[in-house]
Amino acid sequence: MAAPKVAVVGAGVIGLSTALCIVETCPSSSVTVLSDQFSPNTTSDVAAGMLIPHTYPGIPIHVQKQWFKETFTYLFAISNSAEASEAGIHLVSGWQVFKSTPKEELPFWSDVVLGFRPMSKAELQKFPQHRFGQAFTTLKCDCPPYLLWLEKRLKAAGVQMYNRKVADLWELHREYDIVVNCTGIGAHQLVGDKKLFPVRGQVLQVHAPWVKNFIRDGDGLTYIYPGIHRVTLGGTREKESWSLSPDPGTTKDIFDRCCSLEASLQEAQDIKVKVGLRPSRQCVRLQREVLSQGGVKLPVVHNYGHGAGGFSVHRGTAKEAARLVGECIAALQGSSSRAKL
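Remember, it's a predicted structure, so these values are computed and weren't measured experimentally.

Draft legend 1. Geometry of the overall build of the protein. Counting secondary structure elements, the protein contains 8 helices and 14 strands. Taken over C-alpha atoms, the radius of gyration comes to 21 Å for the protein, in line with the 20 Å a tight globule of 341 residues would show. With the principal axes as the frame, the protein shows a C-alpha extent of 75 × 40 × 40 Å. Among the 341 residues that make up the protein, the fraction classed as buried is 55%. About 15500 Å² of surface is accessible on the protein, with carbon and sulfur atoms providing 53% of the total. Averaging the locations of the 38 positively and 30 negatively charged side chains of the protein gives two centres separated by 3 Å.

Draft legend 2. Highlighting helix 7 (residues 248–261). Here helix 7 spans 20 Å end to end across 14 residues, near enough to the 20 Å set by a 1.5 Å rise per residue. Among the residues of helix 7, Thr250, Thr251, Ile254, Phe255, Arg257, Cys258, Cys259 and Leu261 are the ones counted as buried. Residues of helix 7 that are buried sit in contact with strand 3 (89–98), strand 8 (197–207), strand 9 (214–217), strand 10 (223–226), strand 11 (231–234) and strand 13 (269–293). For helix 7, the capping residue at the N-terminal end is Asp247, with a side-chain oxygen 3.3 Å from the backbone nitrogen of Gly249.

Draft legend 3. Representation of the pairing of strand 11 within the structure. Burial along strand 11 is two-sided: Val231 and Leu233 facing one way and Thr232 and Gly234 facing the other are all buried. Summarising the sheet, strand 8 and strand 11 pair through 4 bridges and their orientation is antiparallel. Each bridged residue has a counterpart across the sheet, and for Gln205 the counterpart in strand 11 is Thr232. In the sheet, strand 10 pairs with strand 11 via 4 bridges, with the strands oriented antiparallel. Within strand 11, the position partnered with Tyr225 by the bridge is Thr232. From the end of strand 10 to the start of strand 11, which pair antiparallel, there are 4 residues.

Draft legend 4. Here's a closer look at the pattern of salt bridges. Throughout the structure, instances matching the rule amount to 22 salt bridges. Here Asp270 makes a salt bridge to Arg230, at a shortest N to O gap of 3.2 Å. A residue pair is termed long-range when its members are at least 10 positions apart, and Asp270 in strand 13 and Arg230 in the loop between strand 10 and strand 11 qualify at 40 residues. Here Lys252 makes a salt bridge to Asp256, at a shortest N to O gap of 2.7 Å. With a gap of 4 residues between them, Lys252 and Asp256 both fall in helix 7, about one helical turn apart. Note on Lys252: relative accessible area 54%, which makes it exposed.

Calculation rules
Residues numbered from 1 in each chain as written. Predicted model: local features only at pLDDT ≥ 70, side-chain atom pairs only at ≥ 80, totals over all residues. Heavy atoms only, no water. Helix = DSSP H or I, 4+ residues; strand = E, 2+ residues; numbered from the N terminus. Rg over C-alpha atoms; globule rule 2.2 N^0.38 Å. Buried < 20%, exposed > 50% of the residue type's maximum accessible area, 1.4 Å probe, protein only. Areas by Shrake-Rupley, 256 points an atom, 1.4 Å probe, with all protein chains shown as cover. Lys, Arg positive; Asp, Glu negative; His and termini not counted. Charge placed at Lys NZ, Arg CZ, Asp CG, Glu CD. Expected span 1.5 Å × (residues − 1). Contact = heavy atoms within 4.5 Å. Polar contact = N/O pair within 3.5 Å; in protein donor to acceptor, adjacent residues only side chain to side chain. Pairing = 2+ DSSP bridges. Salt bridge = Lys/Arg side-chain N within 4 Å of Asp/Glu carboxyl O.

Any functional reading would require information that these geometric values do not contain.
Now the structure itself:
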């Protein structure tokens, strides 16, 4: 059989990482990325890119932990390499603080991040409104440079990238042997997934180079994440809102909330506002499906619906999607050898 042609639809962090994992695990395949938006215009470009996992109710915890561990290990290696700056990846220490002690004082990911421990009384004095906290070091990914770094890796591996709006996965069946759907919130329309819904996130990016530590309120709504050049302040979680227009009232609310955690931010300069729609569902859709029309079959692998936690698990789910693509290739090769018999 000739090299199987694989189309990855979507060029956010999930699509690009999945394409890279397919290249690495199925080297005999020919991979193409198709998307109507590339960086800097993807949802991933707005993401804060902090590796602090969210919990998916519909997925076993050991699976989520594996995804996070694989992602952390992968990015940690980049952060320790000469490419760290270009890829926009660095370690950042800080605190997650709670107004009351959480039921789960040790989250499932506590032994994956570095140096996880309860905060001391002295540290908690910085946050008089909060009664409990956790201190740890994790990784922060500045998303636009990371997406460009992934694109560069893909191009070096011979992957083609085309700006193309795919209206129906079936339209690709004449050109490709396998299609991988990494369209994020676009899957709502593309494959009619009614379980998928947007959670609108508005963030501010400010110039405040003196802020070196991350601070995250345990409710996950208010956070301060220092990047290489700018600090991301957040945020919002507005379910079922499709609006991409920044809201000035929300901007003020985010800024005030962040200043209540870190008063020095009052002096922050050059505030930029960004909005993204997190592709949310009860659990990530990571599965194989075979589309068929008139006796013609098209194997599809879905990898979307990561919600607010996409960056924390992107490499782990990409590896799993690549494994499923490998299964599709094996099935195709099996059927083509049977056809020869």
